[in-house]
Amino acid sequence: LIFLYIFIKTIKKLNLNLSDRDALLLLPFAILGASLRTLVDFGILERRFLFLTPGIYLLTSVFVVLSLIIFYFVKNKWVIPISGISLSIYPLILIFEKVEYPERIFLPLIISISVSLPFFLKKTPLFSIAIFSQALDGFTTYIGVNIYGYREEHVVSKALFQHGYGILFPLMKILITAILLYFVEKECEESSSTSIKFTVAVLGLGPAIRDLFVISI
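One structure accompanies this document, and this report is about it.

Each value, and the rule that gives it
- Position numbers for residues count from 1 along each chain, tracking the sequence in the order it is written.
- Confidence filtering applies because this is a predicted model: local features only for residues at pLDDT of at least 70, side-chain atom pairs given and counted only at 80 or more, and all residues used for totals across whole chains, interfaces and linings.
- Excluded from the side-chain calculation are hydrogens and water; included are all heavy atoms of the structure.
- Stacked, tilted and edge-to-face are the three classes applied to pairs of Phe, Tyr and Trp rings, where Trp contributes its six-membered ring and a pair requires centres within 6.5 Å; stacked means planes under 30 degrees apart, edge-to-face means over 60, and tilted covers the rest.
- Definition used: whenever NZ (Lys) or CZ (Arg) falls within 6 Å of the ring centre and also within 35 degrees of the ring normal, the charge is taken to sit over that ring.
- Take a side-chain nitrogen of Lys or Arg and a carboxyl oxygen of Asp or Glu: if they are within 4 Å of each other, that pair is a salt bridge.
- Here the term buried applies to any residue with accessible area under 20% of the maximum for its type, exposed to any over 50%, and partly exposed to those in between, with areas from a 1.4 Å probe on protein chains only.
- Starting at the N terminus, helices and strands are each numbered in turn, a helix being any DSSP run of H or I of at least four residues and a strand any DSSP run of E of at least two.

Some points on the packing of aromatic side chains
Right, on to step 1. For the coordinates displayed, the defined rule picks out 6 aromatic pairs.
Right, on to step 2. Look at Y72 and F73: their rings are 5.3 Å apart centre to centre, the planes differ by 85 degrees, and that puts the pair in the edge-to-face class.
Right, on to step 3. Site record: aromatic cluster; members linked through ring pairs are F119, F127 and Y182.
Right, on to step 4. Directly above the aromatic system of Y72 lies the positively charged group of K75, at a separation of 4.5 Å from the ring centroid.
Right, on to step 5. The ring of Y148 is capped by R104, whose NZ or CZ atom sits 4.1 Å from the centre of that ring.

Okay, here's the thing in structure tokens:
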């Protein structure tokens with residue numbers, strides 16, 4: 001909610017009209033946030049507020065706002081993804097040095113892409129990526145717990161796994177996300193709709209990328 005509030009306020013303050021396609025340019029910052037959070041799991045960064053949930057979303061919001069301000073002055077939209085990618089390079093290098101089982105990322109990726117494909121064929125890219133991100137988060141968690149023996153920490157999903165209904169976790173995430181986004185596209189104005197879809201994408205993609213890295217070590 002903090003991330004969404006800051007994002008919307010920044011857009012309105014700078015009088016920016018971001019379309020769904022423009023919002024896609026901000027997605028590299030989800031990789032940045034996930035990478036920094038993963039470095040904490042790997043013991044490379046200390047466990048401080050800004051590197052943990054929810055602080056990592058606040059930190060990511062700051063980087064997003066700074067990139068939007070730069071974009072406002074230079075009038076070149078490509079400064080946004082370039083900033084996110086540039087900031088992510090070094091954290092990703094540190095992470096890949098720790099990865100021992102890179103093949104583990106393929107199964108959740110393949111399943112998530114397959115499940116999300118109908119949305120990519122019928123809906124906007126941002127809508128579809130939001131669905132994909134939540135699917136990837138859910139299936140990576142499911143595979144990590146059921147195949148590789150990782151433990152789920154969140155109360156609701158933990159209860160599902162403990163009672164043998166873990167597969168409902170990714171399916172519920174996809175269903176709830178799809179219903180929410182259909183409602184948002186129908187009832188909200190374009191700028192608000194874009195902001196909400198982008199936030200949903202980030203909230204799924206960040207944990208999903210982190211989980212992929214965790215199961216690969």
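Examining the pattern of salt bridges
Right, on to step 1. What the rule picks out here adds up to 7 salt bridges.
Right, on to step 2. In this structure, the salt-bridge partner of R48 is E46, at a minimum N-O distance of 3.1 Å.
Right, on to step 3. We classify R48 as exposed; its relative accessible area is 51%.
Right, on to step 4. Accessibility expressed as a relative area gives 52% for E46, which makes it exposed.
Right, on to step 5. The partner of K197 in a salt bridge is E185, and the shortest N-O contact between them spans 2.8 Å. You can see K197 sitting in helix 10 (residues 190-215) and its partner E185 sitting in helix 9 (residues 168-187), a full 12 residues away along the chain.
Right, on to step 6. By relative accessible area, which is 26% here, E185 ends up partly exposed.
Right, on to step 7. Each of D20, K123, E185 and K197 takes part in a single network of salt bridges with overlapping partners.

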